[in-house]
Protein chains: 2
Amino acid sequence: MLTTPDFAEITADADISNARHGNRAKCLQRLVRLELPVPLTVALSADTVRSIAKGKMPDMEALTGIFGKGSLLSVRSSSQMPDWGGPGTILNIGMTDAVAEELARTHGRDAADALYMNFIRTYAVDVLRLDGDLFSGTMTPRLAKTYFEDEAEEPFPQSIEAQLTEVLRSMARAWEGTTARLLRQAQGAPEDAGLGLVVQRMALGIGQGISGSGVVQFVSPATGEPQITGRYLPQGQGRAALSEDKAQFIESDNRGPALEDSAPEAVAALREAGSLMRQRLREEMQIEFTLMNGTLQILDAVKCPRSARAEVAIAVALASEKIIPREEALTRIPPFTLNQMLHRQVNPEAKRDVLTRGIAAAPGAATGRIVFSAGAAQSAAAQGESCILVRRETSPEDIRGMHAAQAILTERGGMTSHAAVIARGLGLPCVTGASHLQLDARKKTLTVAGRKVFHEGEIITVDGSSGEVLVGAPALIEPALGGAFATLLHWADEFRDIGIRCNADTKEDVEAVRAFGVDGIGLCRTEHMFFDPIRLTVMREMIFAEGPEDRIAALKRLLPMQRADFTELFKLMEGKPVCIRLFDPPLHEFLPGDRDGIRALAEALDLPVSRVATRIEALQEFNPMLGMRGVRLGITVPEIYEMQARAIFEATVAASKGRDPVVPEIMIPLVSAMREVELVKARIDGVASAVKSESNVDFAYRLGVMVETPRAALRAAEIAEHSAFLSFGTNDLTQMTYGLSRDDAGRFMSAYVTQGVFHEDPFHRLDVEGVGELLRLGTERARAAKPGIILSICGEHGGQPDTIAFARDAGHDYVSCSPYRVPVAKLAAAQLAVKASMVKSD
Amino acid sequence: MLTTPDFAEITADADISNARHGNRAKCLQRLVRLELPVPLTVALSADTVRSIAKGKMPDMEALTGIFGKGSLLSVRSSSQMPDWGGPGTILNIGMTDAVAEELARTHGRDAADALYMNFIRTYAVDVLRLDGDLFSGTMTPRLAKTYFEDEAEEPFPQSIEAQLTEVLRSMARAWEGTTARLLRQAQGAPEDAGLGLVVQRMALGIGQGISGSGVVQFVSPATGEPQITGRYLPQGQGRAALSEDKAQFIESDNRGPALEDSAPEAVAALREAGSLMRQRLREEMQIEFTLMNGTLQILDAVKCPRSARAEVAIAVALASEKIIPREEALTRIPPFTLNQMLHRQVNPEAKRDVLTRGIAAAPGAATGRIVFSAGAAQSAAAQGESCILVRRETSPEDIRGMHAAQAILTERGGMTSHAAVIARGLGLPCVTGASHLQLDARKKTLTVAGRKVFHEGEIITVDGSSGEVLVGAPALIEPALGGAFATLLHWADEFRDIGIRCNADTKEDVEAVRAFGVDGIGLCRTEHMFFDPIRLTVMREMIFAEGPEDRIAALKRLLPMQRADFTELFKLMEGKPVCIRLFDPPLHEFLPGDRDGIRALAEALDLPVSRVATRIEALQEFNPMLGMRGVRLGITVPEIYEMQARAIFEATVAASKGRDPVVPEIMIPLVSAMREVELVKARIDGVASAVKSESNVDFAYRLGVMVETPRAALRAAEIAEHSAFLSFGTNDLTQMTYGLSRDDAGRFMSAYVTQGVFHEDPFHRLDVEGVGELLRLGTERARAAKPGIILSICGEHGGQPDTIAFARDAGHDYVSCSPYRVPVAKLAAAQLAVKASMVKSD
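Values in this document were obtained by computation on a predicted structure and should not be read as measured data.

Chemist: Would you take a moment to explain the overall build of chain A for this structure?
Modeler: The helix and strand tally for chain A stands at 33 helices and 30 strands. Projected onto the principal axes, the alpha-carbon positions of chain A cover approximately 105 × 65 × 55 Å. Within the span of chain A, comprising 842 residues, buried residues form 56% of the whole. A total of about 33,800 Å² of accessible surface is found on chain A, and carbon and sulfur atoms cover 50% of it. Within chain A, the 109 negative side-chain charges are centred at a point lying 3 Å from the centre of the 92 positive side-chain charges.

Now the structure itself:
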């Protein structure tokens, strides 16, 4: 064993560390410690590689001397984290005329020439960056050397030291390149991340006896289930087996020849090695191996490649077998991995005919016929046809059409536009901001420059995971919420210490989340309940009411519908808390915007068209987001909230009959002043008393506030005094803190993020510095004024791991997120609890 | 002198205090101390009156005993502050059959009967609240007593104790009434404010010799100039002289008989009393007096009634004569008093034919012909005709029409709608929210239910001080910015210790403020500069530009116009700082909204109508307030800010030629993140370098930020590091803190204020609790990060006394307000400095 300050032979006792030599060097040392047959390997530290990049070479005589004369060498990257990348492996370093001659003697001329020729090409192209077109595969080494000399203006080097020097220098410099730096920094590598290298004696894989190379792993990369997969290439080198048609299976297989047929003991040894690594490295590894005249050598092992589903299956299996603790299984899975498992995906092997690209706004893939209106989507659904709703952008009126569609595609908008938010809520794939689309809603056509025109009814596929729109119907893979997924969520529930509720407006939402389990509904938006055609008509009558009596008459007709909505939700939730937000949007959202709609409405209401048009115009607002909505409507037209409160309380009575009593939570939106809460509370308490006395049933309820204006956060102390809970609505709070409309920001958000004005879209990821400070202030003040108050975050950010971390640190009771974010949220919450307990026990 | 716990005779040494006995009692004591001939008077404390209201009477024998048998008495209110009101004076208490007989003997039957009859009626109606219709003036006392007995079911009381008891009880109870309480609380009285009463021996004013009563003061109530005004009624009582046709002048007057003609020595004595009060009470008083057989008695004296102009003139005169210090003159004038002096007013004596009422959005009155469009207003102005611009609501496109009009009237909007804000800025009278108006812009008619239809060209008068719209042209009073006004402002400048700048966009704005003097321009909005028709066309070409080159070409044509704008402003401001806000509004504000406009624009740009319509539609936003405007535009379309910066710097060079160097201030609007400032700063610094090198002139400039999003306030520390100044734009900051659009809030703001949801319209008066906290945080953080940074508040609130107090406490350098608010702001600032120095010297 020879160790210098510049390099170290990898032995069981050598001082090899991940931090200095990189993960591959460390992993190889582990294999050595397991007494697996690893060829002699030397590790160069990141400091050494840094020196090499600056021109200071280690003692090359000493380095090559370790391997002995005539050895061929390979060099591989060994960065600290596998994700950070690094230059590709170079094999067969040391091939010279002399070594080639020797090889020809032992392995035959053809094999020797092929090896030599390959190395010359690799050296020329990958090391010296000469033009690859010069070196074809059928050339002789002699001709290749001539071409090399012409191009490089020096002869092909004939010493292993000279070759290795260039290889190391080229790899060291490649690491410093801009692209490599940007790529690894995108993976979270620090500015000063270094590259280790490992130099290994080649196990040739060619020879007279059973010789060749292969790659093997013991689980399916797609499912994570036990299954030997891999390839073996007789007389091959490196990972070539994976791409060569001549490659064999590993296990005996009736589809063709297999290594096991010719060398069962080698496969048995591989199985044993895999099992050993699984136990001792506590991971499913992919092994690169060579057979030399029947002798097994293990060159390298890496964490085996895997799909999201396999990742979960492997972690759960390792923990189930107690190889790793459950805590580790939970922390191994990046939370968003679960997201990919919830949705259909385009089969990675399918051919993709990409029509256009937009923003990947909601994950999953779906195929269907193009429709251009919510109505058409509903018709298609009624006929049992799959459809894709294509709109310039969506609005609340489209909600039923969105329910009916298989996916949503919009020309405008971003990650947080209406379409994106609703689609994620519904679990529908969605691509927004597909700005190269030209939509002609009248002609019902869809055009992308240079492509044929698409008409309503033609079939496309929306891939909301990649942001692509595909022509036709490529094969899709079904989601897999199998045992391992359920087990992982179950474990997450055991460990997490913050509640996870979901935002659910309808029975369908609740059913979507049933598989995952939640602690309750954190945000039930009631306005979507009014877009059903029958209700919409009554709603419009209410809006056109001449005075309070007419308004109350219309609301009376809505009451039984709302009561039925809530009764159903309460029953479905089986006693878990349901937080109902009172009516929030401006009334004009319920009115038609076009001439036809106005004419139809005038007929329905038996009013002159001009009256209807005038009323609609009078309700228009300059900035609806900042206008007459939420509690402002609740105070100015109190009959609406009174109807809703009555529906909630009557549903409470109905749903509690013969069951555990329901304790509804009622949330007031858009509060900016304490007195708003006082006024609404007085009325709602009044309705509660009335329902109690009418029904002769007592019930409890909690009244709280949605904190979504900066002022409500600042005045949280006095607002808390009148509230049983506060739930921070981070969507609107972000809009108001930035003075930025979510619907309008799409136009410049990507430019802003690209230029680094905002680090990230604040509607996508919670702005901890600005919005976060208001959350902190609001939380502190509310808790100081009323220590027991229930606090939470609802809204899109609620499902983000960093928002959950924020909420947990702030001492919130729960977060509430879209149904399809619940698994991610649960896992993130569990990881936080596990990490916190690790810190504590440290 | 008799003093009991319940009442005290008012003598020079008596223990009379304003707090306990009220201001009238205290003032009467001062008159006694000045040895003026005041009839015997007894003061009842507020505690005594409170007891009386609860039914506990003081010792009435003792009380009446003070005055001696046969005396008649009067009772007057004596609340702590004159503004707080109180029940009316009751005279002649003690009139009984016996006293009437005695009076008939000494003064004649008719006089005695008249007195008695009047007292019976007063006692019945004002004290016992009987029906006034029963008691006509021509009745005999005998008949009146019969009616009294029928109605009151008891005989008319024949003892002074009985009468006085009822009078005191009725006055004590009236003070507790709801209306009285609400009225005095509206004047700032505390919940527990009490009422004192004074009981005075009547000086009858009837008799054989020169007898009568009068009221006199020594300054004009309209102008405050020295001038004896008042009336004297021979054989009269109380203040009757002021309303009787038979009353005489005080001084000899060729219009009719005067007291001075018959009793010159009495008038001389009154002159001397007035002069004495002026010196010793340090105020111009109005004196109520009686002559009894030539003997003068002074019954009462109150601060003389006065117009705003007189108030200023009196205070300045008293200070000029060193009767009061200047500090006191400054603090005596409520700041908003000055506002009334800046504008024409409807003559209080003119007949008002009120067409409708709205919100008094900008003070002053103006008469003109109705016009329904900005264009019509400009045509009228071109023909030298006065006009009133009547719109549903105004938008930035109307700005030139508003300049051309004499007043603005809008159907919608509130105190802070576009029309109101601009009108106050321009000093134009404005009534908004005149919701009973029905405007038909196509037919060019204006209707109010039940009135005739008004057509374009008919004459109306807008009274922006009262909120009324009057038919025709009532007489107006000119504003008076005379010597006293100027002197007061000059004194304010001497005392105030915070800068007052004005918001000025145009030469006209600067000229409007010239009379008042300012420390600079705190907010020059550049967007109004683009609404001139020629510029608007170029602006639209810029918006429709195909790419940066076309855009730059259009901007190059705007450059010389902007440069000329700024050069003119800099020269007019003569070296005082000018803070220019870079372009702020969304681009769609510059595009036409109707078909005709779109067609005209398409012709002007030589583009198909459909292209123009599509582009306009593409620029529409859901919430323009929260959209693509301000710095977002500056970063996304950087050419606009670069053009503006160049115009500013070239104007700096031009305006500095041969004068003191101009140091322009450039302000970036709508910042929410530090990086926005960095990016814009880099570009503007680049433009400055270019202009310096091209012109070969060096100049300094300051780049700062308009803090108008909550996030900018929260992140003030890091923003300050890149800024020479921060100016808090409280309009937008209020909108975003509340999540409330100023333009849309009008619909419910009055209901909100009425129900006490908001104490006041936060756009009208700074919300100290919410918005104020963000201001405080922003101020603290900016100063901590950069101690020398210049801080200020601009926007509508800047002219409010309480905002100025807030800014001064926070250590801001200046506030900036509308030109017409400058006098108010200066006076308010001076008052704060005076009060602070008083506290310090305490």
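Chemist: Could you clarify how one ought to interpret the interface of chain A and chain B in this entry?
Modeler: Interface size is commonly expressed as the accessible area that is lost once the parts come together. The interface of chain A with chain B comprises 52 residues on the first partner and 52 residues on the second. Overall, the association of chain A and chain B removes approximately 4,800 Å² of surface from exposure, summing both partners, and the carbon and sulfur fraction of that is 51%. Linking chain A with chain B are 10 salt bridges, by the criterion used here. Where Arg392(B) meets Glu617(A), a salt bridge forms, and the shortest distance between an N and an O atom there is 3.3 Å. The interface formed by chain A and chain B contains 27 residue pairs in polar contact (both at pLDDT 80 or more). Class assignment of the residues belonging to the side of chain A that touches chain B gives a composition of 22 nonpolar, 12 polar and 18 charged.

Chemist: Got a minute to help me understand the packing of aromatic side chains in this structure?
Modeler: By convention here, two paired aromatic rings are described through the distance between centres and the angle between planes. Applying the stated criterion to the full structure yields 38 aromatic pairs over all chains. Considering the side-chain rings of Phe516(A) and Tyr820(A), the 6.4 Å spacing of their centres and the 75 degrees angle between planes classify their relative orientation as edge-to-face. You can see Phe516(A) sitting in the loop between α19 (507–514) and β24 (521–525) and its partner Tyr820(A) sitting in the loop between β30 (814–817) and α33 (822–841), a full 304 residues away along the chain. Each member of the pair, Phe516(A) as well as Tyr820(A), is classed as buried. On the numbers, 5.2 Å between centres and 25 degrees between planes, the contact of Phe649(B) with Phe699(B) is stacked. Here the residue Phe649(B) occupies a position in helix α25 (residues 638–656), and Phe699(B) occupies one in the loop between α26 (674–695) and β27 (702–707), the gap between them amounting to 50 residues. According to the relative accessible area criterion, Phe699(B) is buried, its value standing at 9%. An aromatic cluster is built from Tyr116(A), Phe119(A), Tyr123(A), Phe148(A) and Phe156(A), whose rings are joined through pairwise contacts. Positioned above the aromatic ring of Phe454(A), the side-chain terminus of Lys452(A) is 4.4 Å from the ring centre. When the ring centre of Trp175(B) is taken as reference, the NZ or CZ atom of Arg184(B) above it lies at 3.8 Å.

Chemist: Explain helix α25 (residues 638–656) of chain A here, please?
Modeler: Given 3.6 residues per turn, any residue in an α-helix points the same way as the ones three and four places further on. Here α25(A) spans 27 Å end to end across 19 residues, near enough to the 27 Å set by a 1.5 Å rise per residue. Taken across its 19 residues, α25(A) has 16 buried, putting it largely inside the fold.

Chemist: Would you mind showing me how to read the sheet that holds strand β3 (residues 73–79) of chain A here?
Modeler: Adjacent strands of a sheet form backbone hydrogen bonds with each other and so pair up, either parallel or antiparallel. Residue and element names in this part refer to chain A. Sheet architecture is open: five strands sit in the order β1-β2-β5-β3-β4, paired in antiparallel fashion. Two strands close off the open sheet at either side, each with one partner strand: β1 (7–9) and β4 (90–93). Each strand of the sheet is rotated relative to its neighbour by a mean of 25 degrees, with strand direction disregarded. Sheet strands touched by helix α2 (residues 23–33): β2 (41–44), β3 and β5 (195–201). Its angle to β3, the strand with the most contacts, is close to 115 degrees.

Chemist: Looking at this structure, how should I read the pairing of strand β7 (residues 226–234) of chain A?
Modeler: For a regular strand, side chains alternate in direction, first toward one face of the sheet and then toward the other. All names here are of chain A. Here strand β6 (residues 212–219) runs beside β7; their pairing, made up of seven bridges, is antiparallel. In the strand pairing of β7, valine 216 is matched with glycine 230. Between the antiparallel neighbours β6 and β7 lie six residues, among them glycine 224 with a positive phi of about 80 degrees.

Chemist: Mind showing me how you'd approach unusual backbone geometry here?
Modeler: Generally, phi is negative for residues other than glycine and the peptide bonds are trans, each holding for most cases. Residues and elements named next belong to chain A. Of note, the phi angle at lysine 444 is positive, near 55 degrees, even though the residue is not glycine. Mapped onto the fold, lysine 444 is located in the loop between β17 (437–440) and β18 (445–448). Under the relative-accessibility criterion, lysine 444 is labelled partly exposed at 40%. At leucine 670, a position not held by glycine, the phi torsion is positive, near 60 degrees. When you line up the elements, leucine 670 lands in the loop between β26 (665–668) and α26 (674–695). The class of leucine 670 is buried, set by a relative accessible area of 0%.

Chemist: For this particular structure, what's the right way to read the sheet that holds strand β14 (residues 387–391) of chain B?
Modeler: Residue and element names in this part refer to chain B. Spatial strand order, β11-β21-β20-β13-β14-β15-β16-β12: eight strands in an open sheet with mixed pairing. Either end of the sheet is taken by a strand with one partner, and the two such strands are β11 (354–357) and β12 (359–362). Within this sheet the neighbouring strands show an average axis-to-axis angle of 30 degrees, counted without direction. In this fold helix α15 (residues 374–382) packs onto β13 (365–371) and β14, with an angle of close to 180 degrees to the strand it touches most, β14. Running over the sheet, helix α17 (residues 418–426) touches β12, β15 (407–410) and β16 (430–432) and is turned about 170 degrees from β16.

Chemist: Where do I start with the side chain of Asp565(A) in this structure?
Modeler: Residue and element names in this part refer to chain A. Residue position: aspartate 565 is located in helix α21 (residues 548–573). A relative accessible area of 14% places aspartate 565 in the buried class. Ignoring sequence-local partners within four residues, the contact set of aspartate 565 consists of Met529 and Arg535.

Chemist: Help me understand the packing of α19(A) against α21(A) in this model?
Modeler: Residues and elements named next belong to chain A. α21 packs onto α19 with a crossing angle of 10 degrees between their chain directions and a minimal axis gap of 10 Å. When the axis of α19 is compared with that of α21, the two are roughly parallel. Counting all contacts with α19, which are made through Lys507, Val510 and Arg514, the residues of α21 involved are Glu568, Leu569, Leu572 and Met573. Split into classes, the residues belonging to the contact of α19 with α21 amount to four nonpolar, no polar and three charged.

Chemist: How should the environment of Arg181(B) be read in this particular structure?
Modeler: The residue Arg181(B) is located in helix α9 (residues 178–186) in this model. For the pair formed by Arg181(B) and Glu191(B), sequence separation is 10 residues and the distance between their alpha carbons is 8.1 Å.

Chemist: How should I be thinking about the state of the cysteines in this particular structure?
Modeler: Structurally, a disulfide amounts to a covalent bond that connects the sulfur atoms of two cysteines. Applying the stated criterion to the full structure yields zero disulfides over all chains. Not part of a disulfide, Cys524(A) finds its nearest cysteine sulfur in Cys579(A), a span of 8.7 Å.

Chemist: Where do I start with the packing of helix α3 (residues 46–53) of chain B against helix α8 (residues 160–176) of chain B in this structure?
Modeler: Two quantities define a packed helix pair, namely the angle between the helix axes and the distance between the axes. Residue and element names in this part refer to chain B. Here α3 crosses α8 at 95 degrees, and the two axes come no closer than 8 Å. On the basis of their axis angle, the class for α3 and α8 is roughly perpendicular. Residue-level contacts link Val49, Arg50, Ile52 and Ala53 of α3 to Leu168, Arg169, Ala172, Arg173 and Glu176 of α8. Counted by class, the contact of α3 with α8 contains five nonpolar, no polar and four charged residues.

Thresholds, definitions, all that
- Residues numbered from 1 in each chain as written.
- Chains lettered and ligands numbered in written order.
- Predicted model: local features only at pLDDT ≥ 70, side-chain atom pairs only at ≥ 80, totals over all residues.
- Heavy atoms only, no water.
- Helix = DSSP H or I, 4+ residues; strand = E, 2+ residues; numbered from the N terminus.
- Buried < 20%, exposed > 50% of the residue type's maximum accessible area, 1.4 Å probe, protein only.
- Areas by Shrake-Rupley, 256 points an atom, 1.4 Å probe, with all protein chains shown as cover.
- Lys, Arg positive; Asp, Glu negative; His and termini not counted.
- Charge placed at Lys NZ, Arg CZ, Asp CG, Glu CD.
- Contact = heavy atoms within 4.5 Å.
- Buried area = accessible area lost by both parts, 1.4 Å probe.
- Salt bridge = Lys/Arg side-chain N within 4 Å of Asp/Glu carboxyl O.
- Polar contact = N/O pair within 3.5 Å; in protein donor to acceptor, adjacent residues only side chain to side chain.
- Nonpolar A, V, L, I, M, F, W, Y, C, P; charged D, E, K, R; others polar.
- Phe/Tyr/Trp six-rings, centres within 6.5 Å; stacked < 30°, edge-to-face > 60°.
- Lys NZ or Arg CZ within 6 Å of the ring centre and 35° of its normal.
- Expected span 1.5 Å × (residues − 1).
- Pairing = 2+ DSSP bridges.
- Axes fitted to C-alpha atoms, helices over the stretch in contact; angles between N-to-C directions.
- Parallel < 35°, antiparallel > 145°, perpendicular 65-115°, else oblique.
- Disulfide = S-S within 2.5 Å.

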